[in-house]
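# Fold and geometry: a report
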Amino acid sequence: MGKSGGGLSEAGLRRMRDVLARHVESGKIPGLVALVGRGDETHVEAIGTMSRDGGATMRRDTIFRMASTSKPVTMAAAMVLLDECRLRLDDLVEQWLPELADRRVLKRIDGPLDDTVPAKRPITVRDVLTSTFGLGMDMTSLGTPIMNAVFEQGLTPDLPVPMPEPDEWMRRLGTLPLMHQPGESWQYHLASDLLGVLVARVTGQPFETFLRERVFDPLGMKDTGFHVPAGKIDRLPPLYAPNPQTGEFTVWDEPADGRWSKPPAFQGGGGGLASTVDDYHAYFRMLLNRGTHGSERILSRSAVQLMTTNRLTPEQTAARTALARDNVHLSYGQGQHGGWGFGMAVRTYRGDYAPVGQFGWDGGSGTSTYADPDNQLTGILLTQVGMSVPNAARLIHDFWTTLYQAIDD
């Protein structure tokens, strides 16, 4: 069978489309947009409808809530500041985030909030960028006093109430002890939201303004931001979070009057972006091009290498692997990559079809975005079905399997 220009077989791409279409025809995924980029070639599939009741079809320019796939993109703001020496990796964050000075650390992760010891050292920029500053979403510690406090204080985006504005969010964060000593343990998510506050305070600009000026606009990411303007809201589908017990579709966020319909109080680097396949493709292709977009340099080559190289020690990797392995019945293997760089996973062993060195991340709203330097390949799959049930995870898994079997050179 013939090849398409970028070393992807036509038969393989047809199989990919057939497998994706099967997920939509099953009724479990109303619609999706998938993009495969290799070299100068881009292949896009838009299948199904925006709503589970039919109506408008998915299109290449459909806007999706990116959830945790925001993390690798928002990290670019910090890399710009490192490149310009406005931040240093081992600067203490308390000069900008005084709320995090003089930390106390829990003696035991499941202990009472007042059973603490002093932090052995202050929190650094490096601790925030590597997700090791001492607090995070620890799925192995649900129900502990500290995790309950994180939820009660409204510090995460998935609660019924949106997060408060950054200064109030910082004030609340500052009332909690750390779960681990700074720099010791990799922990998920909170560091990515903290990053946005840090960038805003260093630059004196809202996080989104700095991202737009330094990353989004130069890359032509015209549909990416922390909310969807009224003129584009018809391109945003509802977000469904199916009931884990019954599988029944529940609307988690409506486009009109929903969370993305107006600028949020908190611009969450951990999960707040809305975007399109082409905008994300521009970003990940810039990373594959070692920081350049056309003739323009967005990030230094060294910054990109630092972001996309595993930063975890063997001990930290063990905890991250355990988290992925113990939740494999929920994630269907997504998240089992071994390593973590800045704001994204980095594959350190070959656990499925993707090679070592592939980098990117997945999102709880049914999104998956990775680039693979070995094959000069980008893959992006976006849907509107949250990971409350395994349907989107299975779809993502099949997307990557069929994408890799289509490589033919």
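Residues numbered from 1 in each chain as written. Predicted model: local features only at pLDDT ≥ 70, side-chain atom pairs only at ≥ 80, totals over all residues. Heavy atoms only, no water.

## So, helix H7 (residues 207-219)
Rules: Each helix is a run of H or I in the DSSP string that is no shorter than four residues. Each strand is a run of E no shorter than two, and both are numbered from the N terminus. Helix span, expected: 1.5 Å multiplied by one less than the number of residues in the helix. Two axes are fitted around each residue, one to the seven residues ending there and one to the seven starting there, and the angle between them is reported as the bend at that residue. Buried residues are those whose accessible area, probed at 1.4 Å on protein chains only, stays under 20% of the maximum for their type, while exposed residues exceed 50% and partly exposed ones sit between those limits. Working rule for contacts: check all heavy atoms of both residues, and any pair within 4.5 Å makes them a contact.
The end-to-end C-alpha separation of H7 is 17 Å, in line with the 18 Å expected for 13 residues at 1.5 Å each. The largest bend in H7 comes to about 45 degrees, at Glu213. Within H7 the residues assigned to the buried category are Phe207, Glu208, Phe210, Leu211, Val215, Phe216, Pro218 and Leu219. Of the surrounding secondary structure, the elements contacted by the buried residues of H7 are helix H2 (70-83), helix H6 (190-203), helix H8 (277-288), strand S10 (292-293) and strand S11 (296-297). Just past H7, the residue Gly220 takes up positive phi, approximately 70 degrees.

## A short note on the pairing of strand S15 (residues 367-372)
Defined as follows: Here, strands pair whenever DSSP counts at least two bridges between them.
When you tally the buried positions in S15, you get six out of six residues, the bulk of the element. Burial along S15 is two-sided: Thr367, Thr369 and Ala371 facing one way and Ser368, Tyr370 and Asp372 facing the other are all buried. One ladder, built from five bridges, connects strand S14 (residues 359-363) with S15; its direction is antiparallel. In the strand pairing of S15, Gly363 is matched with Thr367. As consecutive antiparallel partners, S14 and S15 are separated by three residues, and within that stretch Gly366 has a phi angle of approximately 90 degrees, a positive value. Bridge analysis of S15 against strand S16 (residues 377-383) gives six bridges, and the strand direction is antiparallel. Residue Ser368 lies in a different strand from S16, and its bridge partner there is Leu381. Between S15 and S16, which pair antiparallel and follow one another directly, the connecting turn spans four residues, one of which, Gln376, has a positive phi of 50 degrees.

## Examining the packing of helix H1 (residues 10-25) against helix H12 (residues 391-405)
How we decide: Only the stretch in contact is used when fitting a helix axis, every axis being a line fitted to C-alpha atoms; angles between N-to-C directions are given from 0 to 180 degrees. By the definition adopted for this analysis, an angle is roughly parallel if under 35 degrees, roughly antiparallel if over 145, roughly perpendicular if from 65 to 115, and oblique otherwise. Amino acids are sorted into nonpolar (Ala, Val, Leu, Ile, Met, Phe, Trp, Tyr, Cys and Pro), charged (Asp, Glu, Lys and Arg) and polar (every other residue, Gly among them).
Relative to each other, H1 and H12 sit at 170 degrees, their axes nearing to 8 Å. On the basis of the axis angle, H1 is roughly antiparallel to H12. Side by side, H1 and H12 meet where Gly12, Arg15, Met16, Val19, Leu20 and His23 of the first sit next to Arg394, Leu395, Asp398, Phe399, Thr402, Leu403 and Gln405 of the second. Per-class residue counts for the contact of H1 with H12 are six nonpolar, four polar and three charged.

Honestly, it's all geometry; don't read function into it.
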